[in-house]
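Read off the chains here:
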4 protein chains.
Amino acid sequence: MLVVMKSGATRDDIKQVCQAITDLDLTPHPIPGKLRTAIGVTGNVAPVEPTLLSTLPGVADVIRVTKAFKLTGREMKPENTIVQVGEVRFGDPEICVIAGPCSVESHEQTVPSARRLKELGAHMLRGGAFKPRTSPYTFQGLGEEGLKILAEAREQSTLPVVSELMSTEDLDLVEEYIDMIQIGARNMQNYPLLKRVGRSPKPVLLKRGMSATLEEFLLAAEYIMSEGNRNVILCERGVRTFSDFSRFTLDLSIVPELKRISHLPVIVDPSHAAGKHSLVIPLARAAVAAGADGLMVEVHGDPSKARSDGAQALTFDMFAELMEEVRIITPAVRREA
Amino acid sequence: MLVVMKSGATRDDIKQVCQAITDLDLTPHPIPGKLRTAIGVTGNVAPVEPTLLSTLPGVADVIRVTKAFKLTGREMKPENTIVQVGEVRFGDPEICVIAGPCSVESHEQTVPSARRLKELGAHMLRGGAFKPRTSPYTFQGLGEEGLKILAEAREQSTLPVVSELMSTEDLDLVEEYIDMIQIGARNMQNYPLLKRVGRSPKPVLLKRGMSATLEEFLLAAEYIMSEGNRNVILCERGVRTFSDFSRFTLDLSIVPELKRISHLPVIVDPSHAAGKHSLVIPLARAAVAAGADGLMVEVHGDPSKARSDGAQALTFDMFAELMEEVRIITPAVRREA
Amino acid sequence: MLVVMKSGATRDDIKQVCQAITDLDLTPHPIPGKLRTAIGVTGNVAPVEPTLLSTLPGVADVIRVTKAFKLTGREMKPENTIVQVGEVRFGDPEICVIAGPCSVESHEQTVPSARRLKELGAHMLRGGAFKPRTSPYTFQGLGEEGLKILAEAREQSTLPVVSELMSTEDLDLVEEYIDMIQIGARNMQNYPLLKRVGRSPKPVLLKRGMSATLEEFLLAAEYIMSEGNRNVILCERGVRTFSDFSRFTLDLSIVPELKRISHLPVIVDPSHAAGKHSLVIPLARAAVAAGADGLMVEVHGDPSKARSDGAQALTFDMFAELMEEVRIITPAVRREA
Amino acid sequence: MLVVMKSGATRDDIKQVCQAITDLDLTPHPIPGKLRTAIGVTGNVAPVEPTLLSTLPGVADVIRVTKAFKLTGREMKPENTIVQVGEVRFGDPEICVIAGPCSVESHEQTVPSARRLKELGAHMLRGGAFKPRTSPYTFQGLGEEGLKILAEAREQSTLPVVSELMSTEDLDLVEEYIDMIQIGARNMQNYPLLKRVGRSPKPVLLKRGMSATLEEFLLAAEYIMSEGNRNVILCERGVRTFSDFSRFTLDLSIVPELKRISHLPVIVDPSHAAGKHSLVIPLARAAVAAGADGLMVEVHGDPSKARSDGAQALTFDMFAELMEEVRIITPAVRREA
């Protein structure tokens, strides 16, 4: 931490700040400059509340110098984490592709789809049973019935399944039926929920909040990991910007930056960002080229009949094309991964 | 809803879209233009999933024309809603001011503060017992002990209290001790939580999510109201933008726009948006001038000792000055309110 | 400037960075911490290109500590600057109000309007002769004819006039007819234009770019001032965000922050941010309450006939109401200004 | 265009709006709905100023239905435009790569670099002679001397060169020395400059403004094309968002969307968006995978000595690696291009 003094700060002001730093069991390092003095602070383990210094007389600014990602950061664990779900290994050289409908709507829609996706090369099945919908007047998901359909689809397709959890109260249910718990973008800072899945034996797929900074995203993962669950996969799914032709703006730069800072696997969901299927395949290819460990895409047997988000769903043919293109791109990225 | 056809759409494409609209029990109204045809859709009560039309051949775009705010909108209830908490009436001509520390830290910090705030003209006391903190390694609030201190402060000051609820599991506890439930910005789209407080007898203070559109904000209030609880106060607290000198960008334009569309009271929290106390008073004055029904500000007896967010806390002297300025401004705004 | 070393940086890395700092005629101040070393840098007058240090081995980050606003900042000139245009004094306790149509459309629309605005208390007249329109196919302004109409309106109303300059080539013309040169948001970083008006004897109204940070805004003013023209007024007019109910999001927090950092007058244009007249008056009041030195609002005798931006124009009656409300609010803000 | 009436609009209101539409030589198509009436408008060629209708009594909203991209859109010219610069063909199946230093600093830095880049497979040389710098106190480019160095580099390397034009006054000079004119992000809405290069015989590389919507971007290209110059290349270079780990957020979704709507070539500059070299290669790969027709990347023989933006420059080795990866990815995207 660095305390920057105003150009008009007095010697006494500087002395008082140094004393306050010492009182916090930290060490002050004054650096007198031409125009003003700065004071380096060392010795802190946990983050120091900057207010304890910023409100003192003569202080212009308090700047945090380092960010502590204790459990998610590479400083403490340099090698990549592999998160294993059944046979699927996120973080390995192979790109892992999760596919399936936005919502589980029926047995007929889901189970044959799962088998088809398996044939086309998907590694996991996705499907929403509890749906976070913006309006209370739209389809909210099938709940437990949806989970049962997913379990049946897994049995018939051998694909492990991931589904979203919205409430601590449903955790037991979700754990019973599915293989990986998804925390959606709207719940990325739902801390009681993060803490609770941090005590689950199931791996967690954590989606980036729609306006979360990289730091907030990793700290959300810290909430899960600090409760004991080390199997966290990070998922970029688009952030909110002024741009109005896509639903969200997919921020692919976060992929290499997360991989640099953190040892956790990083995947990308292009479907929710795009909001229309014509953008999904180009963005999916781009995600792989940017270095993502996997993809999560929405696929629907008949998008025009989907009860939610049909506009962004791929057909099976489109999905087959995507898988082929992923296979071409992979060697450009993952030569030594 | 309006379906816009591509300029190259065929007659059959148009016919098929009209048929699909009829199949949904709605009425199509084709409008042939010079370059292309548009098709108006009438008859819908609930929102129609646009995909059901957007994926048909020849369709360029599906545009929603009206937004349905059934319970929050003025179309159904033109007169202002007054939300009453004890003697305090949000939505009345008087500006209601909620003040208090960011976190409840101790009996000594909270109870005398409450009495002082009452003397200075505050209408309600705020204080966090459950704190949504970005990092798991920072102070998380006193929990039930904090709620007890707030109840004691209320008894000694006669100020009703509001405090944040983060989890459905804590609702019984929070209801027991406090007068109004706050839903924080990070939980604005935590739908199970919204539904649950929708069944509480306590009024709810709903904060705007940090990247919520006006529509998403009102639909979050719809979640609460559709469960039966009609006592909802909306609170603007700043949105996330590129701008980096304040913590969030306070979006005061939403105040008159919400008042125009909705009958619910609207208040503003300038403290979290500002992130530094030098901005809080100007923004609080501006909020009143923009037409807000009330304010929520952080006040701390000794900001330099606060365990969270001290940089943005007002001292008692600053708060007294603010109250005086609010009294000057009010007649410019609320002449006929 | 502060150089933060990686936790694994070697002694040699640190030595090399200190040497590079010395080579730049600056002084290094190493601060050894528990996990890593930071190196303070002092002695620089102009900003140092951070790359010169950030690409050295072992360097994790280079942090700029202070921002130099040589001519715009209060550090060098603590007292407020008054910018005088005719009798109007921006920066004085009185709120200065600039009003008029978006575009100058005709003599009949402009000249009588100017007289009416003068009666209602406006201090200056605005009107666009050169219009920066998003589409090349919409009305682009009357050019020189518009400037002549403005000059005529000034003569008949005694109001000084301000109008936008888009090109260095039109400067002589604009200087001939008008009293203050406006640089629009789209040209805030048009550096040749800024430099050129920096050599004009006329005061300059500089609008904030639609996604300009506070620093970029003040540095644009530095461009003008460093050429010799010290009469610069800063104008907030809304920034681009995800929020979709107003055209731009008016960022009123920048008003007190600019006043704190800079000695220049700060005014607010609520009309372009709002995009609809129902928001203009509340935002104009809020701007004054936030501490602005003035306002710029669009007023049109018959908004439904305006050739540009009619939706946001106030009628004369609305403008009269606004002036009255401004008079009520002013004493809450400018008691000692 | 669609006019949406308020639910309380009277018959007379509706009649008056229809009359106003007829008065504009357009045709009204009333669509009576359950709650309210909408009125379709057909017959317009140029965009109609919405205010002419939105301020009438009973009108709730005026919605533009179609966007007119007369010269940039595929509706009028379905086949791809090829922009040819020397032998280089932007829009062809081959990915065109523009590379070079941020600023032209000296003959020694530029000319041998150009030869090396040619060997490594670059198609064009970039280099700034007129630099738009945020601060007036930093290096502003070598001006004409820089252009001469570029011309020399072209001669020795055979690579055509592109350089930024900031002012109409420098156009003759720039046209004399270089092969393609770059309009930078800060000048995307500098309309006099756009019009002027619209009359140049040289192709134009138009960069997206840092907060430009897709519509504003294409309309900026319309400004150039409507003056006669049809050789425009669009360049995505990152947009401004809240995200703080990269300098700008590269919006790769715009690549497939622009290609869908417009026939113009689209390239991507990952260097300015990234702001640090560790992100440049992953983003460059992603751009190609998203369907871009080309790349523009900053390469510097010794990034630590660069006078501007060295942190984001690639070394020659990194550039060679990138070219190899581009070759692997291309077949996944451009099979039938």
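Residues numbered from 1 in each chain as written. Chains lettered and ligands numbered in written order. Predicted model: local features only at pLDDT ≥ 70, side-chain atom pairs only at ≥ 80, totals over all residues. Heavy atoms only, no water.

Let's shift gears to helix 3 (residues 107-119) of chain D. Residue and element names in this part refer to chain D. Look at helix 3: 19 Å from first C-alpha to last across 13 residues, which is about the 18 Å you get at 1.5 Å a residue. Within helix 3, the full set of buried residues consists of Gln109, Thr110, Val111, Ser113, Ala114 and Leu117. Tucked inside the fold, the buried residues of helix 3 contact strand 7 (96-100), strand 8 (124-126), helix 4 (144-157) and helix 11 (316-333). Immediately beyond the C-terminal end of helix 3, within one or two residues, lies glycine 121, with a positive phi of roughly 105°. (Helix = DSSP H or I, 4+ residues; strand = E, 2+ residues; numbered from the N terminus. Expected span 1.5 Å × (residues − 1). Buried < 20%, exposed > 50% of the residue type's maximum accessible area, 1.4 Å probe, protein only. Contact = heavy atoms within 4.5 Å.)

On to the relation of the copies chain A and chain C. Superposing the two chain copies requires a rotation about an axis and a translation along that axis. With an RMSD of 0.1 Å, the fit of chain A onto chain C corresponds to turning through 180° and sliding 0.1 Å along the axis. Taken together, the rotation angle and the small translation identify this as a two-fold axis. Considering only C-alpha atoms, the part of chain A nearest the rotation axis is A:Phe242, at 2.0 Å. The share of interface residues of chain A whose copies in chain C are also at the interface is 100%, consistent with both copies meeting through the same surface. (Least-squares fit on C-alpha atoms with pLDDT ≥ 70 in both.)

To continue, consider the sheet that holds strand 2 (residues 27-32) of chain C. All names here are of chain C. Across the sheet, which stays open at both edges, the four strands sit in the order 2-3-1-4 with antiparallel pairing between neighbours. Each end of this open sheet is capped by a strand with a single partner; those strands are strand 2 and strand 4 (59-63). Averaged over all adjacent pairs, the angle separating strand axes in this sheet is 20°, with direction ignored. Pairing between strand 2 and strand 3 (residues 37-42): six bridges, direction antiparallel. Across the sheet, threonine 27 pairs through a bridge with threonine 42, a residue of strand 3. Relative to the sheet, helix 1 (residues 11-23) contacts strand 1 (2-5), strand 2, strand 3 and strand 4, its axis offset from that of strand 3 by approximately 5°. (Pairing = 2+ DSSP bridges. Axes fitted to C-alpha atoms, helices over the stretch in contact; angles between N-to-C directions.)

On the chain B side, the residues contacting the 46 residues of chain A number 46 residues. For the pair chain A and chain B, the summed buried area comes to about 3,800 Å², and 54% of that belongs to carbon and sulfur atoms. When the buried area of chain A at its contact with chain B is split by residue, A:Thr134, A:Tyr137 and A:Arg240 rank highest and sum to 16% of it. Applying the counting rule to chain A against chain B returns two salt bridges. The residue A:Arg240 makes a salt bridge to B:Glu216 at a minimum N-O spacing of 2.6 Å. Where chain A touches chain B, the interface holds 19 residue pairs in polar contact (both at pLDDT 80 or more). (Buried area = accessible area lost by both parts, 1.4 Å probe. Salt bridge = Lys/Arg side-chain N within 4 Å of Asp/Glu carboxyl O. Polar contact = N/O pair within 3.5 Å; in protein donor to acceptor, adjacent residues only side chain to side chain.)

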